[in-house]
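# An overview of the molecular structure
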Amino acid sequence: MTKTGGGPRPRGAWWREGAVTATAFVLCLLGGVVQVDDTLTAPPAAAYVIAVVSCAVLPLRRRAPLAALAATTASGVLVAPLGLLLSPLIVAPALITAYSYALTARTERRAAGAVLGTSVVLLVASTPLFGGVSWQDASRMGSVAAFPLMAGVLGHSVRNRRAYLAAVEERARRAEESRDGEARRRVAEERVRIARELHDLVAHQITLANAQATVAAHLFDIRPEQTRKSLRELVETTGHALDELRSTVGLLRQSGDTAGPAEPAPGLSRLPALVASFRGAGLEVSVEQEGTARPLAPGVDLTAYRIVQEALTNVTKHAATGTARVHLAWSRDRVTVTVADDGEGAVAVHSRPPGYGLIGMRERATAAGGQLSAGRRPEGGFLVSAELPLPPARSGGAP
């Protein structure tokens, strides 16, 4: 059982409280043994009264530290008027409550110091002085004043130490939560990236395979030679799909950071081969360039290639047309990639909520620092346009 607020306290805490209270009671009685005339006698009734009253409030010093300190100070103030000798032993409960007050007080440090100082002044001022002050009286008053202050300083130091350790633990906990959150975020981003890559790969290859199989089935009886050509292209397409899937899965299965040799990521330099694959599937693709081409950063180059690939895949799957146009416009700080068609089927398909292809293209463009727009053209068909950043042109280089 743990201590929570004002709930029940653990068994060990009660034993500690009992031990502290009993010790303080014994010290009070020992302080009452020494009389004002420096003789030793049995503790008088006044000593028992002081011990009982001051020790009775000790179990409350954690819940009400200021009240406990006030009660023990008041008991200490009554020591001299009751004919007892004021000493550190007889005010032991006041020392304990001074420590507890400094340890648990919720006031500022100056306010807590003022309270402890007031308690010390009251204890010392309660001793009547007649005639000269002997060195025994001076040393006894000095010890009575010093011990509560030392207890307060010790309590304040322990409080600061506990606060420091709590702050360190809190920072460690927050750092651990931050690391966990960052790890989850990176895992989620990696999952999205892998899903995007697999979607682009599978959608492209399966769409080409489907188109080639459709052509072969359509020409099976009337053009056997063309059918065989389509089937050979179908075999090549499925073979490339299997190779790319095997390569992707192999990268995912690697247990360490050391990666094996892999093909460079595709870019616009492979655009002619990509266009040729779609032409083999029956889609006539024209490519136009405007401006002076410049090298792209690897990530931007891959993004441009995947956008063209996915846009042409969508034309093959959804648009009732056999033609598409790819336009690359190079400017000083960006390249604009446009894929357009004038098919009839795109209107019906794109009236539905966007699929993963359009979502993936937008995510790629945004991650590369660009933007992408897609929608129906007023004159018919569908248009995908992406603006991607270019690296700064070198001095004296091409614009």
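Just so you know, these numbers come straight off a predicted model, no measurement behind them.

## A short note on the pairing of strand β1 (residues 284-290)
With seven bridges joining them, β1 and strand β2 (residues 323-330) adopt parallel strand pairing. By the bridge assignment, Val287 is partnered in β2 with Val326.

## What about the side chain of Thr73?
Within the secondary structure, Thr73 sits in helix α3 (residues 65-77). By relative accessible area, Thr73 is classed as buried at 5%. Only 2.7 Å separates the side chain of Thr73 from the backbone oxygen of Leu69, close enough to count as a polar contact. If we skip the residues at most four places from it in the chain, Thr73 touches Ser119, Leu122 and Leu123.

## Quick word on helix α2 (residues 45-56)
An ideal rise of 1.5 Å per residue puts 16 Å on twelve residues; α2 measures up with 16 Å between its terminal C-alpha atoms. What α2 keeps buried is the set Ala46, Ala47, Ile50, Ala51, Ser54 and Cys55. Seen end-on, α2 carries its buried residues on one side only, within an arc spanning 145°. Projecting away from the buried face of α2 at angles above 90 degrees are the exposed residues Ala45 and Ala56.

## A closer look at the nonpolar core
Formed by 37 residues in total, the largest nonpolar core has its most connected members in Val308 and Leu312. Elements represented by at least two residues in this core include exactly α6 (135-218), α8 (271-280), α9 (298-318), β2, β3 (334-341), α11 (356-367) and β5 (382-389). The dominant element in this core, judged by the number of residues it contributes, is α9, at eight residues. The contact partners of Val308, leaving out residues within four places of it in the chain, are Leu271, Leu274, Val326, Val337 and Val339. Judged by nonpolar contacts, the second largest core, of eleven residues, contains Ile50, Leu84, Leu86 and Ile90.

## Some words on the packing of α9 against α11
The angle between the axes and the distance between the axes are what describe a pair of packed helices. Between α9 and α11, whose axes approach to 10 Å, the crossing angle comes to 165°. Here α11 runs roughly antiparallel to α9, going by the angle between their axes. When the axes of α9 and α11 are compared, the crossing they make is left-handed. Counted together, Leu302, Thr303, Arg306, Ile307, Glu310, Ala311 and Asn314 of α9 and Gly357, Leu358, Met361, Arg364 and Ala365 of α11 form the full contact between these two elements. Of the residues in the contact of α9 with α11, the class split is six nonpolar, three polar and three charged.

## Brief notes about the pattern of salt bridges
Going through the model one piece at a time under the given rule, you end up with twelve salt bridges. The residue Glu170 makes a salt bridge to Arg174 at a minimum N-O spacing of 2.9 Å. Highlighted residues: Glu170 and Arg174, both in helix α6, separated by four residues, approximately one helical turn. The exposure class assigned to Arg174 is exposed, which follows from its relative accessible area of 54%. The closest approach of N and O atoms between Arg377 and Glu379, which form a salt bridge, is 2.6 Å. You can call Arg377 buried: its relative accessible area is 19%. Look at Glu379 and you get exposed, because its relative accessible area is 58%. A network of salt bridges, in which partner residues are shared, links Glu170, Arg173, Arg174 and Glu177.

Analysis parameters
Residues numbered from 1 in each chain as written. Predicted model: local features only at pLDDT ≥ 70, side-chain atom pairs only at ≥ 80, totals over all residues. Heavy atoms only, no water. Pairing = 2+ DSSP bridges. Helix = DSSP H or I, 4+ residues; strand = E, 2+ residues; numbered from the N terminus. Buried < 20%, exposed > 50% of the residue type's maximum accessible area, 1.4 Å probe, protein only. Polar contact = N/O pair within 3.5 Å; in protein donor to acceptor, adjacent residues only side chain to side chain. Contact = heavy atoms within 4.5 Å. Expected span 1.5 Å × (residues − 1). Arc of directions from axis to C-beta. Core = buried A, V, L, I, M, F, W, Y, C linked by side-chain atoms within 4.5 Å. Axes fitted to C-alpha atoms, helices over the stretch in contact; angles between N-to-C directions. Parallel < 35°, antiparallel > 145°, perpendicular 65-115°, else oblique. Left-handed = near helix turned anticlockwise from the far one by under 90°. Nonpolar A, V, L, I, M, F, W, Y, C, P; charged D, E, K, R; others polar. Salt bridge = Lys/Arg side-chain N within 4 Å of Asp/Glu carboxyl O.

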